[in-house]
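Architecture and fold: a report
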Amino acid sequence: MSDFPMTSLQAPLALVLGATGGVGGALARALLQRGYRVRALHRRPEQHAASRPRFEWVAGDAIRADDVLRAADGASVIVHGVNPPGYQNWGELVLPMIDNTIAAARAAGARILMPGTIYNFGPDSFPLIAEDSRQAPETVKGRIRVELERRLEQAAAGEGVPVIVLRAGDFFGPDAGNNWFAQGLVQPGKPVRFVVNPSRKGVGHAWAYLPDVAETFMRLLDHADALPPFARFHMDGFYDHDGMQMAATIGRAVGKPRIFTLGFPWRLAGLARPFVPLIRELHEMRYLWRETIRLDNRKLVEFLGEEPRTPINAAVQATLESLGCLPQAGATPMRAPALQIAGDGR
């Protein structure tokens, strides 16, 4: 007997872990538009029910196996869009959380949707990364992510748990605060006077607009019957070919084509590592801004026919409006939490 309300039984159910984050929230909204009921697991659901009334909120924690198993009752899809808070404690939390998701999906007969990261790869796979490129990361987080995907692949092959992994670059988009765009390049709630750019001039960087990521997942889900048990795809997203185009696009959006751009203080961050745990975690991943990295989407395009793409000017405009950097009449500017860059998945 289910513990949850028996409403809209004809609609398929999706459990979203990380529904208040950028990628989890984008996928939850896309699933609603596709006709799914969306159940959201959160430690403090009462704080979010009023702002997201269309979600079925349940109390629980992704680190507790029983909570995830209970929340997954009746689900045909589980979105694993959750990461440890504050970009810390990956070694203790990331793999137990994916184990809980796998166990819940196995019990419910659900398909797992998992956003992938570039962390899995080392310099030997740069600059163009395909789905079958060698995964030999040089960082702790990268090795954890490799093991995470290995467990998903093993669950698909040996336990019959279908999985879709969609890898993309740095996330940005409306209603997403824990990412480099919102907490590094601009200041939420304030007009954009300058841009802080973590990239080196001449170094290409991969970005991914969250509504496009969510739409790509939905199109893959629409064709799930044609997928293998473990399906892995890469999105090209918005490829900033010289590391300067995202800043230039922000400048155009705010009416400052020659906007003043500052480099991110990587050297200062390096000095602060022993004293600030978050800075230490971020500094480990600085190579992602110092090496040209692009994701090869040919497999995705061959399967879907195209990659969903919002024009970059429109994508940046919508993101800045959501962050309160381009205030709109009657809009409530989004306030990003204190520095937690890349905290909800990349």
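Look above for the structure.
The model shown is predicted, which means the values in this text are computed figures rather than measured ones.

Take the sheet that holds strand 8 (residues 170–172) next. Spatially, the three strands line up as an open sheet ordered 8-10-12, and their pairing is mixed. Two strands lie at the open edges of the sheet, namely strand 8 and strand 12 (238–240), each paired on one side alone. Each strand of the sheet is rotated relative to its neighbour by a mean of 30 degrees, with strand direction disregarded. As defined by bridge partners, strand 8 adjoins strand 10 (residues 205–209) across three bridges and the pair is classed as parallel. Paired with Phe-172 across the bridge in strand 10 is Tyr-209. Set on the sheet, helix 12 (residues 312–323) makes contact with strand 8, strand 10 and strand 12; between it and strand 8 the angle comes to about 65 degrees.

What follows deals with the environment of Ile-279. Looking at the secondary structure, you find Ile-279 in helix 9 (residues 277–284). Look at Ile-279 and you get buried, because its relative accessible area is 14%. For the pair formed by Ile-279 and Ala-269, sequence separation is ten residues and the distance between their alpha carbons is 6.2 Å.

Let us now look at the pattern of salt bridges. The full count for this structure, using the stated rule, is 19 salt bridges. Among the ionic pairs, Glu-149 bridges to Arg-232, the shortest N-O distance being 3.1 Å. Highlighted residues: Glu-149 in helix 4 (residues 140–159) and Arg-232 in strand 11 (residues 230–234), separated in sequence by 83 residues. Residue Glu-149 shares its accessibility class with Arg-232, and that shared class is buried. The closest approach of N and O atoms between Arg-232 and Glu-153, which form a salt bridge, is 3.8 Å. Here the residue Arg-232 occupies a position in strand 11, and Glu-153 occupies one in helix 4, the gap between them amounting to 79 residues. Each of the salt bridges in this network shares a partner with another, and the network as a whole consists of Arg-34, Glu-215, Arg-219, Asp-222 and Glu-306.

Moving on: the pairing of strand 11. Among the five residues that make up strand 11, five are buried, leaving the element largely enclosed by the rest of the structure. With burial as the criterion, each face of strand 11 is covered, one bearing Phe-230, Arg-232 and His-234 and the other bearing Ala-231 and Phe-233. Sheet analysis places strand 7 (residues 163–167) next to strand 11, joined by five bridges and oriented parallel. Following the sheet pairing, Val-165 is matched in strand 11 by Arg-232.

Now for the packing of helix 7 (residues 245–253) against helix 12. One way to put it is that helix 7 packs onto helix 12 with a least axis distance of 9 Å and a crossing angle of 70 degrees. Relative to helix 12, the element helix 7 is oriented roughly perpendicular. Handedness of the helix 7/helix 12 crossing: right-handed. Contacts from Met-246, Thr-249, Ile-250, Arg-252 and Ala-253 in helix 7 reach Ile-312, Asn-313, Val-316, Gln-317 and Leu-320 in helix 12. Class assignment for the residues of the contact of helix 7 with helix 12 results in six nonpolar, three polar and one charged.

Looking now at helix 3 (residues 90–108). Across its 19 residues, helix 3 extends 26 Å between first and last C-alpha, which sits within 8% of the 27 Å expected from 1.5 Å per residue. Residues of helix 3 that are buried include every one of Trp-90, Val-94, Leu-95, Met-97, Ile-98, Asn-100, Thr-101, Ile-102, Ala-104 and Ala-105, and no others. On its buried face, helix 3 sits against strand 1 (13–17), helix 2 (65–71), strand 4 (77–80), strand 5 (111–116) and helix 4. Gly-109 sits one or two positions beyond helix 3 and adopts a positive phi of about 70 degrees.

Relative to the assigned elements, Thr-20 resides in the loop between strand 1 and helix 1 (22–33). Along the chain, Thr-20 and Ala-231 lie 211 residues apart, while their C-alpha atoms are 26 Å from each other. For Thr-20, the contacting residues outside a window of four places in its chain are His-42, His-48, Arg-52 and Trp-57.

For the rest of this paragraph, the subject is the packing of helix 3 against helix 4. Relative orientation of the contacting elements helix 3 and helix 4 amounts to 15 degrees, with a least axis distance of 10 Å. Compared by their axis directions, helix 3 and helix 4 come out roughly parallel. By crossing handedness, the relation of helix 3 to helix 4 is classed as right-handed. From helix 3, Trp-90, Gly-91, Val-94, Leu-95, Ile-98, Asp-99, Ile-102 and Arg-106 reach across to helix 4, where they touch Lys-141, Ile-144, Arg-145, Glu-147, Leu-148, Arg-151, Leu-152, Ala-155 and Glu-159. When its residues are assigned to classes, the contact of helix 3 with helix 4 shows nine nonpolar, one polar and seven charged.

Let us now look at helix 4. Between its terminal C-alpha atoms helix 4 stretches 28 Å, which fits the 28 Å expected from 20 residues at 1.5 Å a residue. Those residues of helix 4 that sit buried are Lys-141, Gly-142, Ile-144, Arg-145, Leu-148, Glu-149, Leu-152, Ala-155 and Ala-156. Taken down its axis, helix 4 places every buried residue within 165 degrees of arc, on the same side. Seen from the buried face of helix 4, the exposed residues on the opposite side, beyond 90 degrees, are Ala-157 and Gly-158. Close packing links the buried residues of helix 4 with helix 3, strand 5, strand 7, strand 11 and helix 9.

Cut-offs and rules
Residues numbered from 1 in each chain as written. Predicted model: local features only at pLDDT ≥ 70, side-chain atom pairs only at ≥ 80, totals over all residues. Heavy atoms only, no water. Pairing = 2+ DSSP bridges. Helix = DSSP H or I, 4+ residues; strand = E, 2+ residues; numbered from the N terminus. Axes fitted to C-alpha atoms, helices over the stretch in contact; angles between N-to-C directions. Contact = heavy atoms within 4.5 Å. Buried < 20%, exposed > 50% of the residue type's maximum accessible area, 1.4 Å probe, protein only. Salt bridge = Lys/Arg side-chain N within 4 Å of Asp/Glu carboxyl O. Parallel < 35°, antiparallel > 145°, perpendicular 65-115°, else oblique. Left-handed = near helix turned anticlockwise from the far one by under 90°. Nonpolar A, V, L, I, M, F, W, Y, C, P; charged D, E, K, R; others polar. Expected span 1.5 Å × (residues − 1). Arc of directions from axis to C-beta.

So, to be careful, I would describe these as geometric facts and stop short of saying anything about function.
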